[in-house]
Amino acid sequence: MLTIALPKGRIAQETLEKFEKAFDDKFIFEDRKLILEKGNFRFLNVRNQDVPTYVMHGAADLGVVGLDVLEEKEYDLIKLLNLNLGKCKLAFGLRKGEELDFSKSEIKVATKHEKIAKKYFEQKAMAVEIIKLYGSIELAPIVGLSDCIVDIVETGTTMKQNGLEVGPTIMESSAHLIANKNAFYAKKQAILELKERLEKVL
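As a convention, each chain's residues are numbered from 1 in the sequence order in which they are written. Given that this is a predicted model, residues contribute local features only at a pLDDT of at least 70 and side-chain atom pairs are listed and counted only at 80 or more, while totals for whole chains, interfaces and linings are drawn from all residues. Calculated side-chain values reflect all of the structure's heavy atoms, with hydrogen atoms and water omitted.

### Some points on the sheet that holds strand β1 (residues 2-7)
Phase 1: Here the rule is simple: two strands pair whenever DSSP picks up at least two bridges between them. Helix and strand labels come from DSSP, where a helix needs a run of H or I of at least four residues and a strand needs a run of E of at least two; each type is numbered from the N terminus. What the 6 strands build is an open sheet, ordered β2-β3-β1-β4-β11-β5; its pairing is mixed. Two strands close off the open sheet at either side, each with one partner strand: β2 (35-38) and β5 (78-82). With strand direction ignored, the average angle separating the axes of adjacent strands in the sheet is 25°.
Phase 2: As paired strands, β2 and strand β3 (residues 41-46) are joined by 4 bridges and run antiparallel to one another. Opposite Leu36, over in β3, you have Phe43 as the bridge partner.
Phase 3: Packing against the sheet, helix α8 (residues 188-201) makes contact with β1, β3, β4 (62-66), β5 and β11 (175-179), and its axis sits at approximately 25° to β5. In this analysis an axis means a line fitted to C-alpha atoms, helices contributing only their contacting stretch, and an angle means the value between N-to-C directions, from 0 to 180 degrees. By definition in these notes, contact holds between two residues if any of their heavy atoms fall within 4.5 Å.

Here it is, written out as structure tokens:
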């Protein structure tokens, strides 16, 4: 049996739809259940941020997760397939009419994506102070907590509604099928067969 960790919400639904097409069968989580067993598959419905952790520690053989979450976790996992679901980008948000001032001695950045933001500034050999926030990130530059934010952008509407505009893009992201290294070698045939089936419906 293959155990697959899915992120709750839209991507979980879209992923299950891909499985339905690939296997010509129904895959539905019923009544808020967190586990769905179907044939040789067991799906776990977990928080987006937790998917790589379940896979890393072997509680799931495979997972479906956004590339941004994967990069932030920095776990040693196998990226098997880009599912092209949940496309978005990780970008700067700045107060309207402002640009990133790279001449400043230090830039204050509010974000959930600490490691990705830090790496970006390290590559530019710039000093940065990362302020970790868990929500309402758009507020930070408006009230002077930070110079800018780094956040997920799909349409940019949330930023616009809060007096910010989308700045430079750090990375593009979409959902990927990932595998635990040990599971990949132990269940290689089943995993590659699944990958092949999914490729055909993408």
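On we go.
### So, the UniProt feature "domain: ATP phosphoribosyltransferase catalytic" (unreviewed entry) in the protein
Phase 1: UniProt positions are given in the numbering used here, feature names are shortened, and annotations may be inferred rather than shown by experiment. Here, UniProt's "domain: ATP phosphoribosyltransferase catalytic" (unreviewed entry) annotation points to residues 47-199.
Phase 2: Counting secondary structure, residues 47-199 comes out at 33% helix and 32% strand; the distance between its end C-alpha atoms is 25 Å.

### Focus: the packing of aromatic side chains
Phase 1: Working definition: a ring pair exists when centres of Phe, Tyr or Trp rings (six-membered ring for Trp) sit within 6.5 Å. Plane angles under 30 degrees give stacked, over 60 give edge-to-face, the rest tilted. Under the definition given, this model contains 12 aromatic pairs.
Phase 2: A ring pair is formed by Phe19 and Phe23, whose centres lie 6.0 Å apart and whose planes are at 10°; its orientation type is stacked. With Phe19 and Phe23 both in helix α1 (residues 10-23) and 4 residues apart, the pair spans about one turn of that helix.
Phase 3: In this structure Phe19 comes out as buried when scored by relative accessible area, which is 1%.
Phase 4: Centre to centre, the rings of Phe27 and Phe43 are 5.5 Å apart; their planes meet at 90°, and the pair counts as edge-to-face. Throughout this description, buried means an accessible area under 20% of the type-specific maximum (1.4 Å probe, protein chains only), exposed means over 50%, and partly exposed covers the range between.

### Notes on unusual backbone geometry
Phase 1: For Glu74, which is not glycine, the phi dihedral falls at a positive 60°.
Phase 2: Inspection of the secondary structure puts Glu74 in the loop between α3 (67-73) and β5.
Phase 3: Glu74 gets classed as partly exposed once you look at its relative accessible area, which sits at 46%.
Phase 4: A positive phi is found at Ser136, a non-glycine position, where the angle reads about 50°.
Phase 5: Residue placement: Ser136 occurs in the loop between β8 (128-132) and α5 (139-142).
Phase 6: A relative accessible area of 57% means that Ser136 is categorised as exposed.

### Regarding the nonpolar core
Looking at soluble globular proteins, one finds that nonpolar side chains tend to be buried together.
Phase 1: Membership of the largest hydrophobic core comes to 28 residues, with the highest contact counts inside it found for Phe43, Leu62 and Leu80.
Phase 2: Mapped by element, the contributors of at least two residues to this core are β1, α1, β3, β4, β5, β11 and α8.
Phase 3: The greatest single-element share of this core, amounting to 5 residues, is contributed by α1.
Phase 4: In contact with Leu62, not counting residues within four places along its chain, are Leu2, Thr3, Ile4, Ala5, Val55, Leu80, Leu177, Ile178, Ala179, Ile191 and Leu194.
Phase 5: Among buried residues, those of type Ala, Val, Leu, Ile, Met, Phe, Trp, Tyr and Cys that are joined through side-chain atoms within 4.5 Å constitute a nonpolar core. Grouped together as the second largest cluster of nonpolar side chains are 26 residues, Ala5, Phe92, Ala117 and Tyr120 included.

### A word on the domain arrangement of the protein
Phase 1: Domain start and stop points were drawn from an automatic or database domain assignment. Domain assignment breaks the protein into domain 1 (1-85 + 173-198) and domain 2 (87-170).
Phase 2: Here the C-alpha centre of domain 2 lies 30 Å away from the C-alpha centre of domain 1.
Phase 3: Taken together, the contact between domain 1 and domain 2 spans 10 residues of the former and 11 residues of the latter.
Phase 4: Accessible area that two parts lose when put together, evaluated with a 1.4 Å probe and summed over both, is termed the buried area. Summed over both sides, the interface of domain 1 with domain 2 buries roughly 890 Å², with 42% coming from carbon and sulfur.
Phase 5: One salt bridge connects Glu154 with Arg10, and the closest N-O pair in it is separated by 3.3 Å.
Phase 6: For the purposes of these results, a polar contact is taken to be a pair of N or O atoms within 3.5 Å, where, inside protein, one atom must be able to donate a hydrogen and its partner to accept one; residues adjacent in sequence count only when each atom of the pair is a side-chain atom. Along the contact surface separating domain 1 from domain 2 lie 6 residue pairs in polar contact (both at pLDDT 80 or more).
Phase 7: Ranked by the residues each element gives to the side of domain 1 that touches domain 2, the list is headed by α3, at 4 residues. We count a salt bridge whenever a side-chain nitrogen from Lys or Arg sits within 4 Å of a carboxyl oxygen from Asp or Glu.

### Quick notes on a nonpolar patch on the surface
Phase 1: A contiguous nonpolar patch, built from Leu139, Ile142, Val143 and Leu145 and spanning about 360 Å² of accessible area, is present on the exposed surface.
Phase 2: Note on placement: Ile142 falls in helix α5. What makes a patch is a set of residues exposed beyond 30% relative accessible area and free of salt bridges, joined within 9 Å when like-charged and within 5 Å when nonpolar (Val, Leu, Ile, Met, Phe, Trp, Tyr). Computed with the Shrake-Rupley method and a 1.4 Å probe, the accessible areas treat only the protein chains shown as cover for residues.

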